[in-house]
Amino acid sequence: MSKFCDKVLCKIKEEKIEPKPKWHFLLKDYFVWLAFAVSLIVGALAFCVALSIILDNDWDIYRYLSLSPAKHILLSLPYIWIFAILLFLGLALYNYKHTKSGYRSGTFVVLGLSVVGSVVLGSVFHSLGMGRKIDRIFSQNIPLYQNVHCCCNRKDIWTQPEKGLLGGRILNIRKEDEFDIEDFGGIIWQIEKNNETLIRGPVLIIENEEVKLIGEKRTEKRFRAREIRPWAGK
Amino acid sequence: MLDKNNCSEKTDEELVALALKDQDFFACLVEKYEPKLMRYVRRISAATQEDAEDLLQEIFVKVYRNLNDFDPDLKFSSWIYRIAHNQVISHWRKTKVRPQVLKFEADEDFLKFIATDENLARDTERKFSGEEVRKMLENLDKKYKEVLVLKFLEGKDYKEISDILEKPLGTVATLINRAKKQFAKIVEEKNIKF
């Protein structure tokens, strides 16, 4: 045995050095894989919320807002969710690269597969209605959420009766073609509708239902609806 | 008692399994890899013989501590070189004495290999003497020197280099190609005369 070999073995024996147990490494490896999976799932959730917001957005109302279509698109994109998608994709890549064999795959391959994974999983979550649910939970529980999730606060957009846009909660149904709503500023409006009023999607004219109205302001507290849309969706 | 002859008949993987049961068998791995790793450590660091020995001791202790982490999908030599490589880098970071220039130990085989490399000769339209190559290598980026050391000095193939440096195979191939190109560029730019 060489002198150096003796030295190494002496050190190991004197300092009572032992190999770390196998479970220590397995646990570490499982933890990295778990972190990768969590990053991918959270990224997919962010994708499904962004998808819901984009699909539910009223892309056709730029006319009422005196905006160009391009400016309306830029103001309506869910930036905070887009940022969350990018952040969790980055974390997924970081975690994958730190798995035992993660170095073998190229960065763009891992990133590409993470994007595909997030899109597929996010689309499944979206089809289960999770995007709208998360968006609603955030809106109800985080006061500034509406202001930060994109450049425009939806409630502000739909509180512009002079421009023909009004949103709020149905308080009561007066007659077949008349009902009251309370807008997001707490003002109560009498709404008129007629046979020509377009009722879009799964909207229900029942008490406590949140709706969006396109039409015209008739008097101080009266609004004629040409179109009624559900608050969530179109 | 450890039988040295017994050691040479066993594969690295078998020795790892035996060392986990009886630490005396770790001596077989130390004996086998000491000269190779000593050369490698000195090639990628500016360490003196004494410093390299201390570093090597730390490397073997780390290898022993992490024996259970050895993945049989890898060659044991790739795994132990990876630990050595990471330990040298970590040593540089700790002591903050990372050399700007890697010192290559005189290795005529390597110099001859590079100097007579056909692709390189084609790129630079000439062949080089060992001394010329040695001087030009000092101007190469660290990342290129690292792969050149492993490829030409340590005789590792692309897969082994990929496992040692923990980089994808494609990246290793690119690094080697770029190393050769940078080498050719240095020759052209500096018009090195010897």
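A few words on the overall build of chain B. Counting its regular elements, chain B contains 11 helices and zero strands. Each helix and strand of chain B, ordered N terminal to C terminal, gives the series α-α-α-α-α-α-α-α-α-α-α. Taking all 194 residues of chain B together, the buried fraction comes to 31%. Partitioning the contacts of chain B with sequence separation of at least 6, the portion at a separation of at least 24 is 61%.

Moving on, we get to the overall build of chain A. A tally of helices and strands in chain A yields eight helices and seven strands. Since a compact globule built from 234 residues should have a radius of gyration of about 17 Å, the 28 Å found for chain A marks it as more spread out than a globular shape. Expressed as a percentage of the 234 residues in chain A, the buried residues total 25%.

The subject of this paragraph is helix α4 (residues 79–97) of chain A. For an α-helix, the turn length of 3.6 residues means that residues three or four places apart are oriented alike. All names here are of chain A. Taking 1.5 Å of rise per residue, 19 residues should cover 27 Å, and α4 covers 27 Å from first to last C-alpha, within 8% of that figure. Looking at α4, one finds that the buried residues are Trp-81, Ile-85, Phe-88, Leu-89, Ala-92, Asn-95 and Tyr-96. For α4, the angular spread of buried residues about the axis comes to 130 degrees, placing them on one side. Of the exposed residues in α4, those oriented more than 90 degrees away from the buried face are Phe-83 and Leu-86. Those residues of α4 that are buried are in contact with α2 (22–56) and α5 (107–127).

Residues and elements named next belong to chain A. At their nearest, the axes of α2 and α4 sit 8 Å apart, and the two run at 160 degrees to each other. Between α2 and α4, the angle falls in the class roughly antiparallel. As for how α2 packs across α4, the hand of that crossing is left-handed. Contact with α2, carried on its side by Val-32, Ala-35, Phe-36, Ser-39, Leu-40, Val-42, Gly-43, Ala-46, Phe-47, Val-49, Ala-50 and Ile-53, involves Trp-81, Ile-82, Ala-84, Ile-85, Phe-88, Leu-89, Leu-91, Ala-92, Asn-95 and Tyr-96 of α4 and no other residues of that element. Taken together, the residues of the contact of α2 with α4 sort by class into 19 nonpolar, three polar and no charged.

One can read the domain layout of chain A as domain 1 (22–148) and domain 2 (158–230). A C-alpha centroid distance of 34 Å is found between domain 1 of chain A and domain 2 of chain A.

Let's shift gears to the interface of chain B and chain A. The figure often quoted for interface size is the accessible area lost as the parts come together. Contact residues are listed per partner, giving 23 residues for chain B and 20 residues for chain A. Looking at the side of chain B that touches chain A, the elements with two or more residues in it are α3 (26–44) and α4 (49–65) of chain B. Its residues assigned to classes, the side of chain B that touches chain A shows nine nonpolar, six polar and eight charged.

One finds Leu-37, Val-41, Ile-59, Ile-80 and Ala-84 of chain B to be the most contacted residues of the largest nonpolar core, which totals 43 residues. Among the elements of the structure, α1 (3–14) of chain A together with α2 (12–21), α3, α4, α5 (76–95), α9 (142–153), α10 (158–165) and α11 (169–190) of chain B are those that each provide at least two residues to this core. Top element by residues in this core is α3 of chain B. It accounts for 10 residues. Residues lining this core come from more than one domain, with at least three contributed by each of domain 1 (4–95) and domain 2 (108–190) of chain B. The contacts of Ile-59 of chain B, once residues within four sequence positions are left out, are Leu-37, Ile-83, Ala-84 and Gln-87 of chain B. Counting residues in each nonpolar core, the second largest holds 18 residues, with Phe-36, Phe-47, Trp-81 and Val-110 of chain A among its members.

So, about unusual backbone geometry. Phi at Lys-16 of chain A takes a positive value of approximately 50 degrees, unusual for a residue other than glycine. Overall, the presence of 6 C-beta atoms within 10 Å leaves Lys-16 of chain A in the exposed class. Not every positive phi belongs to a glycine, and Glu-166 of chain B is a case in point at roughly 55 degrees. Along the chain, the position of Glu-166 of chain B falls in the loop between α10 and α11. For Glu-166 of chain B, a count of 17 C-beta atoms within 10 Å puts it in the partly exposed group.

Our focus in this paragraph is the pairing of strand β6 (residues 210–219) of chain A. Residue and element names in this part refer to chain A. The sheet contact formed by strand β2 (residues 165–175) and β6 spans five bridges and is antiparallel. Residue pairing in the sheet places Gly-168 in a bridge with Val-211 of β6. Pairing of β6 with strand β7 (residues 222–230) involves eight bridges; the strand directions are antiparallel. Directly across from Val-211, in β7, lies its bridge partner Pro-230.

A word on the domain arrangement of chain B. Residues and elements named next belong to chain B. Each assigned domain of chain B is listed with its residue range as follows: domain 1 (4–95) and domain 2 (108–190). Listed per partner, the contact involves nine residues of domain 1 and nine residues of domain 2. Elements with a contribution of two residues or more to the side of domain 1 that touches domain 2: α3 and α5. At four residues, the largest contribution of residues to the side of domain 1 that touches domain 2 is made by α5. Taken together, the residues that form the side of domain 1 that touches domain 2 break down as four nonpolar, two polar and three charged.

What counts, and at which threshold
- Residues numbered from 1 in each chain as written.
- Chains lettered and ligands numbered in written order.
- Predicted model: local features only at pLDDT ≥ 70, side-chain atom pairs only at ≥ 80, totals over all residues.
- Helix = DSSP H or I, 4+ residues; strand = E, 2+ residues; numbered from the N terminus.
- Buried ≥ 20, exposed ≤ 12 C-beta atoms within 10 Å, placed from the backbone.
- Contact = placed C-beta atoms within 7 Å.
- Rg over C-alpha atoms; globule rule 2.2 N^0.38 Å.
- Expected span 1.5 Å × (residues − 1).
- Arc of directions from axis to C-beta.
- Axes fitted to C-alpha atoms, helices over the stretch in contact; angles between N-to-C directions.
- Parallel < 35°, antiparallel > 145°, perpendicular 65-115°, else oblique.
- Left-handed = near helix turned anticlockwise from the far one by under 90°.
- Nonpolar A, V, L, I, M, F, W, Y, C, P; charged D, E, K, R; others polar.
- Domains from an automatic or database assignment.
- Core = buried A, V, L, I, M, F, W, Y, C linked by C-beta atoms within 7 Å.
- Pairing = 2+ DSSP bridges.

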